[in-house]
Amino acid sequence: MSRAEMGFRKTVDLANRQDADGIQQYLAEDLQFENPVTGPTDKNGMLQFHASFFSAFPDLHYTIDKSVDDGKVLAVESRVTGTHKGQLMGIPPTNTKVELKVAFFVEVSGDKITRWLSYFDTAPRLRRLGVLPEPAAAGARTYRPSRSSRRTRQRHPARPRRR
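Bear in mind that the values here come from a model prediction, so they are computed numbers and not experimental data.

What counts, and at which threshold
- Residues numbered from 1 in each chain as written.
- Predicted model: local features only at pLDDT ≥ 70, side-chain atom pairs only at ≥ 80, totals over all residues.
- Heavy atoms only, no water.
- Helix = DSSP H or I, 4+ residues; strand = E, 2+ residues; numbered from the N terminus.
- Buried < 20%, exposed > 50% of the residue type's maximum accessible area, 1.4 Å probe, protein only.
- Contact = heavy atoms within 4.5 Å.
- Polar contact = N/O pair within 3.5 Å; in protein donor to acceptor, adjacent residues only side chain to side chain.
- Pairing = 2+ DSSP bridges.
- Phe/Tyr/Trp six-rings, centres within 6.5 Å; stacked < 30°, edge-to-face > 60°.
- 1 Å grid on protein atoms, 1.4 Å probe; cavity = no way out; pocket = protein on both sides within 12 Å on 5 of 7 lines; lining within 4 Å.
- Points joined across faces, edges and corners; volume = space filled by probe spheres on them.
- Nonpolar A, V, L, I, M, F, W, Y, C, P; charged D, E, K, R; others polar.
- Axes fitted to C-alpha atoms, helices over the stretch in contact; angles between N-to-C directions.

Comments concerning the environment of Ser-67
Tracing the chain through its elements places Ser-67 in strand 3 (residues 61–69). Residue classification places Ser-67 among the partly exposed residues on the basis of a relative accessible area of 26%. Sequence separation of Ser-67 and Phe-104 is 37 residues, and the distance between their C-alpha atoms is 9.2 Å. Apart from residues no more than four positions distant in its own chain, Ser-67 is found in contact with Glu-5, Arg-9, Leu-74, Ala-75 and Val-76. At 2.9 Å, the side chain of Ser-67 forms a polar contact with the side chain of Glu-5.

What to know about the pairing of strand 6 (residues 112–119)
Direction of pairing for strand 1 (residues 27–35) relative to strand 6: parallel, over a ladder of four bridges. Bridging across to strand 6, Leu-27 finds its partner in Ile-113. Summarising the sheet, strand 5 (residues 97–109) and strand 6 pair through seven bridges and their orientation is antiparallel. Among the inter-strand pairings, Val-106 is bridged to a residue of strand 6, identified as Trp-116.

Overview of the packing of aromatic side chains
Counting across every chain of the model gives eight aromatic pairs. Judged by centre distance (6.0 Å) and plane angle (45°), the rings of Phe-33 and Phe-49 are tilted. With Phe-33 in strand 1 and Phe-49 in helix 3 (residues 43–56), the pair connects residues that are 16 residues apart, well separated along the chain. Seen in terms of ring centroids, Phe-53 and Phe-57 are 5.7 Å apart; in terms of plane orientation they differ by 20°. Their pairing is stacked. A relative accessible area of 8% places Phe-53 in the buried class. Taken together, Phe-8, Tyr-62, Phe-104 and Trp-116 form an aromatic cluster joined through their ring pairs.

Topic: empty space enclosed by the protein
Evaluation of the coordinates by the stated rule reveals two cavities of 30 Å³ or more. Put simply, the largest cavity is a space of about 190 Å³. As for the largest cavity, its lining consists of 19 residues, of which Phe-49, Phe-53, Tyr-62, Val-80 and Leu-100 are closest to the centre. With four residues, strand 5 is the largest single contributor of residues to the lining of the largest cavity. Broken down by class, the residue content of the lining of the largest cavity amounts to 13 nonpolar, five polar and one charged. As a volume, the second largest cavity reaches approximately 70 Å³. Around the second largest cavity sit Phe-8, Thr-11, Val-12, Ala-15, Ile-23, Met-46, Leu-47, His-50, Tyr-62, Phe-104 and Trp-116, which together line it. Going through the elements one at a time, helix 1 (3–16) and helix 3 are the ones with two or more residues in the lining of the second largest cavity. Of all the elements, helix 1 adds the most residues to the lining of the second largest cavity, at four residues. A breakdown of the residues in the lining of the second largest cavity according to their chemical character gives nine nonpolar, two polar and no charged.

Re the side chain of Thr-11
Within the fold, Thr-11 resides in helix 1. Excluding its chain neighbours within four sequence positions, the residues that come into contact with Thr-11 are Ile-23, Tyr-26, Ile-113 and Trp-116.

Quick notes on the sheet that holds strand 4 (residues 74–83)
In space, the six strands of this open sheet follow the order 2-1-6-5-4-3, with mixed pairing throughout. Whereas interior strands pair on both sides, the edge strands pair on one side only; in this sheet they are strand 2 (39–41) and strand 3. The sheet shows a mean angle of 20° between the axes of neighbouring strands, taken without regard to direction. Here three bridges tie strand 1 to strand 2, and the two strands are oriented antiparallel to one another. For Phe-33, the partnering residue across the bridge sits in strand 2 and is Thr-41. Of the strands in this sheet, strand 3, strand 4, strand 5 and strand 6 are in contact with helix 1, which crosses strand 3 at around 170°. On top of the sheet, helix 3 reaches strand 1, strand 2, strand 3, strand 4 and strand 6; it is set at about 60° to strand 1, its chief contact.

Shown next as structure tokens:
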């Protein structure tokens, strides 16, 4: 197991215990952190983000499903679960259990995480919390090619075009 993976796994263990002080010891002072909620931010932004999630989801738990390390970047497929029991970004508690798939990309220098990118789709989580409608209810349509694109589609050579 690489240094990056060991450091990341220790950080995840601390996050599962909601130990923000412990997490800090694995983060570089000039950490670059980014996810769909915060956008690009720094070490303090990451710690604030996690503090708000620890408060909103007191049973927050990360599970690492897969990881790949190329020596420069650690890529992790993970699941995050928790019960929404506290206010989150202005959303009152819903007592709803949530599971979110997350992809992390982490870079390490020495023993410190220098870059941490998190990617996740927030729409399913917001739907699960009941604050975002399902796509059909929101007026979404399924894709249908326009008449002009249907006319320009290639015909099978064995089937002559009807007139």
